[in-house]
Amino acid sequence: MKWIYRGVVKQIQDALFIKRIVPALLLLLLGSFLYGNMELEGELNRLRNQEALHVGQGTAILGTSLNAISYDLLYLVRQQFLLERILNPTEENLNHLAVDFSIFSLSKGFYDQIRWIDNTGMERVRVDYTAGMPRIVPAYKLQNKANRYYFTGANKLNAGEIFISPLDLNIEHGKIEEPYKPTIRAAVPIIDEQGGRHGILVLNYLAEEMLKGFRETVFKVRDRINLLNSDGYW
């Protein structure tokens, strides 16, 4: 009988122990779980902030380059000499305009082409930047660009509005130019005070330096960052 009594007492003691220890264990497990979640959420937030910082810095590099192109384009189109020579496109005036474009091209060093394209889509003045020097393209080598998207796009704009093309490769005589030149075209309509339209002014921006700056800025996340256009293409 005595051993039965002792057995019952032990069972009661065990039950009380379990009753006390199980809630404590549950609280400990819950605390560990919550602490782990907090640690995980803190690490995720740190990573999100870090990634957002890199993306923001890369975006700033691209935005700065695009802003610089826009400022240059608006500066040129607002120059009085440009409109005066375009309104009276004699051979002498076009030569002077080509020289003006050459000086601007040399001072900048990152515009592959500077062009005046008339209302018919014909290049009338063009300066290429080759081997570190501007080169005036002779009249017989000028091309008609009436079917190119940047011409039709810029022609629809109002005074002061700017057409910025997607980033693509330069095309000459219907073929992609080699070696490849990643290019952004910025174009603005040339409109006089009476509203008369006189074609467009186009800057072909050599985008390799911009892309190089972007790559250097996002170097730490280079294995997981992609640059996409507005349609989602890489």
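Higher on the page you've got the structure.
All values derive from a computational prediction rather than experimental measurement.

Student: How would you sum up empty space enclosed by the protein? Please name residues and give values.
Tutor: A full pass over the atoms with the stated rule returns one cavity of 30 Å³ or more. Taken as a whole, the largest cavity holds about 40 Å³ of empty space. Considering the residues around the largest cavity, the lining is formed by Gln 113, Arg 115, Glu 123, Arg 126, Lys 145, Tyr 150, Asn 170, Ile 171, Glu 172, Arg 185 and Asn 204. Elements that contribute at least two residues to the lining of the largest cavity include exactly strand E1 (111-117), strand E2 (123-130) and strand E6 (171-172).

Student: Any chance you could break down the pattern of salt bridges for me, citing the residues and the numbers?
Tutor: Considering all chains together, one arrives at 10 salt bridges under this definition. A salt bridge links Asp 128 to Arg 135, with the nearest nitrogen and oxygen atoms 3.5 Å apart. Between Glu 208 and Arg 215 there is a salt bridge whose closest N-O contact spans 2.7 Å. A single network of salt bridges, built from pairs that share partners, joins Arg 115, Glu 123, Arg 126, Asp 128 and Arg 135.

Student: Tell me what's going on with the packing of helix H2 (residues 80-87) against helix H3 (residues 91-108), and back it up with residues and numbers.
Tutor: Relative to each other, H2 and H3 sit at 150 degrees, their axes nearing to 9 Å. Between H2 and H3, the interaxial angle falls into the category roughly antiparallel. For the pair H2 and H3, the sense of crossing is left-handed. Taken together, the residues of H3 that come into contact with H2 (itself represented by Phe 81, Leu 82, Arg 85 and Ile 86) are Asn 93, His 96, Leu 97, Asp 100 and Phe 101. Tallied by class, the residues present in the contact of H2 with H3 amount to five nonpolar, two polar and two charged.

Student: Lay out the layout of surface pockets with the relevant residues and their values.
Tutor: By volume, the largest pocket amounts to about 830 Å³. Lining the largest pocket are 26 residues, and of these Leu 167, Leu 211, Leu 227, Leu 228 and Trp 234 sit closest to its centre. Elements that contribute at least two residues to the lining of the largest pocket include exactly helix H1 (2-77), strand E8 (182-191) and helix H5 (208-217). Space inside the second largest pocket adds up to approximately 280 Å³. Lining of the second largest pocket is provided by 14 residues; of these, Val 77, Arg 78, Leu 83, Ile 191 and Asp 192 occupy positions nearest its centre.

Here is what the cut-offs are and how they apply
Residues numbered from 1 in each chain as written. Predicted model: local features only at pLDDT ≥ 70, side-chain atom pairs only at ≥ 80, totals over all residues. Heavy atoms only, no water. 1 Å grid on protein atoms, 1.4 Å probe; cavity = no way out; pocket = protein on both sides within 12 Å on 5 of 7 lines; lining within 4 Å. Points joined across faces, edges and corners; volume = space filled by probe spheres on them. Helix = DSSP H or I, 4+ residues; strand = E, 2+ residues; numbered from the N terminus. Salt bridge = Lys/Arg side-chain N within 4 Å of Asp/Glu carboxyl O. Axes fitted to C-alpha atoms, helices over the stretch in contact; angles between N-to-C directions. Parallel < 35°, antiparallel > 145°, perpendicular 65-115°, else oblique. Left-handed = near helix turned anticlockwise from the far one by under 90°. Contact = heavy atoms within 4.5 Å. Nonpolar A, V, L, I, M, F, W, Y, C, P; charged D, E, K, R; others polar.

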